[in-house]
Amino acid sequence: MKAITVENIQKTFSGIPALKDVSFEIPQGEIFGFLGPSGSGKTTLIKILTAQLKVNGGTAKVLGMPAGAMQKTGQKRRFGILTDNSGLYERLTIEENLDVFRRLYNLPKDSIDQVLDFVNLRGERKKKISVLSKGMRQRVTLACAIIHEPELLFLDEPTSALDPVNTAHIHKGLRHLNERGTTIFLTTHDMQEAEALCGRVAILHKGEIRALGAPAELRREHRDGMLTVELTSGETERLPLNGQSAGVITEWMQSGQIERLYTNEPSLGEIFIKLTGSELV
């Protein structure tokens, strides 16, 4: 069974298209990255998959059921969601907020300690939400989304407000959660995050998928067909990546003239900019 199946999804707002015939599948157990600049339709698709928006055309299934059916059939606990409008109780502490979700899912008390360790907030548990920084709020919201170890986790820009240390800590936890069986649907415009976490990514621009595949596959697909050779003399040569260059490279290697050689594969960020025309922010 696929965790998510999207077929020709279309969504418009006041006649303006936000998503245009978007199609893809996500097998269970994958970390899938949905990448795109602000306003490209990433959050819109998450809201469709989590029954917050209805489509104008096409179909979407989540864990084998039509999107939205899980809400009606009482299986909402099978997934978790972190979005920019995920709410917290301002007058309660971090621990009290998590206890609300623990009780909702009928979990043991130690589940709070486990999830606090996941988001690196065990020592802050008695702080009220109203005094937290944006980054700490982000971590608490993530904790609420994963406390029940859902089968499917939707993450909309999960580390956008975090420093590098806490980002690395969250990434480690998400890999562990994925290894335990959770499928993760991640939207981000952080290409390093996508490279670090995702088995496959889709690049969305103006409501359309412009590329889909493993990061390494996309880099190979978009390389320029040239080989760069750095010589011990300090010179740099660029040669076509074909058999005609083999003789020249062999001569340089035999005479010990090669310092370094590499193919000119673009980074995922460079591919993103090429396909979307948008600078990374």
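Quantities reported herein were computed from a predicted structural model and do not represent experimental measurements.

S.K.: So what exactly am I meant to see when it comes to the overall build of the protein chain here?
M.R.: If you tally the helices and strands in the protein chain, you get 10 helices and 13 strands. Overall, the protein chain is about 70 × 45 × 35 Å in size when its C-alpha atoms are taken along their principal axes. Classification of the 281 residues of the protein chain by burial places 48% in the buried group. For the protein chain, the share of sequence-separated contacts (at least 6 apart) that also reach a separation of at least 24 residues comes to 66%. Accessible surface, the protein chain: about 14200 Å² in total, of which carbon and sulfur atoms supply 48%.

S.K.: Help me out: how do you make sense of the sheet that holds strand 11 (residues 226–231) in this one?
M.R.: Paired through backbone hydrogen bonds, the strands of a sheet run either parallel or antiparallel to each other. Overall, antiparallel pairing links the three strands, which are arranged 12-11-13 in an open sheet. The sheet terminates laterally at strand 12 (236–240) and strand 13 (258–263), the two strands that pair on one side only. When strand polarity is set aside, the average angle formed by the axes of neighbouring strands in this sheet is 20°. The pairing of strand 11 with strand 12 spans five bridges and is antiparallel. Pairing of Glu 230 across the sheet is with Thr 236, part of strand 12.

S.K.: Whenever I open this one, helix 3 (residues 94–104) confuses me. Can you help?
M.R.: Where helix 3 is concerned, the buried positions are Ile 94, Glu 95, Asn 97, Leu 98, Asp 99, Phe 101 and Arg 102. The inward-facing, buried residues of helix 3 contact helix 4 (110–118) and helix 5 (134–146). Asn 106 lies just past helix 3 and shows a positive phi near 55°.

S.K.: Any chance you could explain helix 10 (residues 268–276) here in plain terms?
M.R.: In an α-helix, one full turn covers 3.6 residues, which means residues spaced three or four apart are oriented alike. Every buried residue belonging to helix 10 is among Leu 268, Gly 269, Ile 271, Phe 272, Leu 275 and Thr 276, and all of these are buried. For helix 10, the angular spread of buried residues about the axis comes to 160°, placing them on one side. Residues of helix 10 that are buried in the fold lie against strand 3 (31–35), helix 7 (191–197), strand 9 (200–205), strand 10 (208–213) and helix 8 (215–221).

S.K.: Got a minute to help me understand the packing of aromatic side chains in this structure?
M.R.: How two aromatic rings sit relative to each other is given by the distance of their centres and the angle of their planes. All chains considered together, the criterion is met by seven aromatic pairs. Seen in terms of ring centroids, Phe 24 and Phe 34 are 5.6 Å apart; in terms of plane orientation they differ by 40°. Their pairing is tilted. You can see Phe 24 sitting in strand 2 (residues 16–27) and its partner Phe 34 sitting in strand 3, a full 10 residues away along the chain. A relative accessible area of 5% means that Phe 24 is categorised as buried. Between Phe 24 and Phe 185, the aromatic rings sit 6.2 Å apart at their centres with planes inclined by 20°, giving stacked as the arrangement. Of the two residues, Phe 24 sits in strand 2 while Phe 185 sits in strand 8 (residues 183–188), which places them 161 residues apart along the sequence.

S.K.: Before we go on, may I ask you to explain the sheet that holds strand 10 in this structure?
M.R.: Spatially, 6-7-8-3-9-10 is the arrangement adopted by the six strands of the open sheet, whose pairing is mixed. In the strand order of this sheet, the two ends are held by strand 6 (79–82) and strand 10, each with one partner. In this sheet, neighbouring strand axes are inclined to one another by 15° on average, regardless of whether the strands run parallel or antiparallel. As paired elements, strand 7 (residues 152–156) and strand 8 share five bridges and run parallel to each other. Of the residues in strand 8, the one forming a bridge with Asp 156 is Thr 187. Of the strands in this sheet, strand 3, strand 9 and strand 10 touch helix 10, which is tilted by about 30° from strand 9.

S.K.: So what exactly am I meant to see when it comes to the pattern of salt bridges here?
M.R.: Any two side chains of opposite charge can pair, so long as their charged atoms come close to each other. Considering all chains together, one arrives at 19 salt bridges under this definition. One salt bridge connects Lys 127 with Glu 124, and the closest N-O pair in it is separated by 3.0 Å. When the shortest N-O distance is used, the salt bridge between Glu 149 and Arg 180 registers 3.1 Å. One end of the pair, Glu 149, is in the loop between helix 5 and strand 7; the other, Arg 180, is in the loop between helix 6 (164–179) and strand 8, with 31 residues separating them in the sequence. Salt bridges sharing common partners tie together Glu 95, Asp 113, Asp 117, Arg 122, Arg 125 and Lys 126.

S.K.: I'm lost on the environment of Pro 27 in this one. Help?
M.R.: Relative to the elements of secondary structure, Pro 27 occurs in strand 2. Judged by relative accessible area, which is 30%, Pro 27 ranks as partly exposed. Spatially, the C-alpha atoms of Pro 27 and Lys 2 are 4.5 Å apart, while their sequence positions differ by 25 residues. If we ignore the near neighbours within four places in the chain, the residues touching Pro 27 are Lys 2, Ala 3, Thr 183 and Arg 200.

About the thresholds
- Residues numbered from 1 in each chain as written.
- Predicted model: local features only at pLDDT ≥ 70, side-chain atom pairs only at ≥ 80, totals over all residues.
- Heavy atoms only, no water.
- Helix = DSSP H or I, 4+ residues; strand = E, 2+ residues; numbered from the N terminus.
- Buried < 20%, exposed > 50% of the residue type's maximum accessible area, 1.4 Å probe, protein only.
- Contact = heavy atoms within 4.5 Å.
- Areas by Shrake-Rupley, 256 points an atom, 1.4 Å probe, with all protein chains shown as cover.
- Pairing = 2+ DSSP bridges.
- Axes fitted to C-alpha atoms, helices over the stretch in contact; angles between N-to-C directions.
- Arc of directions from axis to C-beta.
- Phe/Tyr/Trp six-rings, centres within 6.5 Å; stacked < 30°, edge-to-face > 60°.
- Salt bridge = Lys/Arg side-chain N within 4 Å of Asp/Glu carboxyl O.

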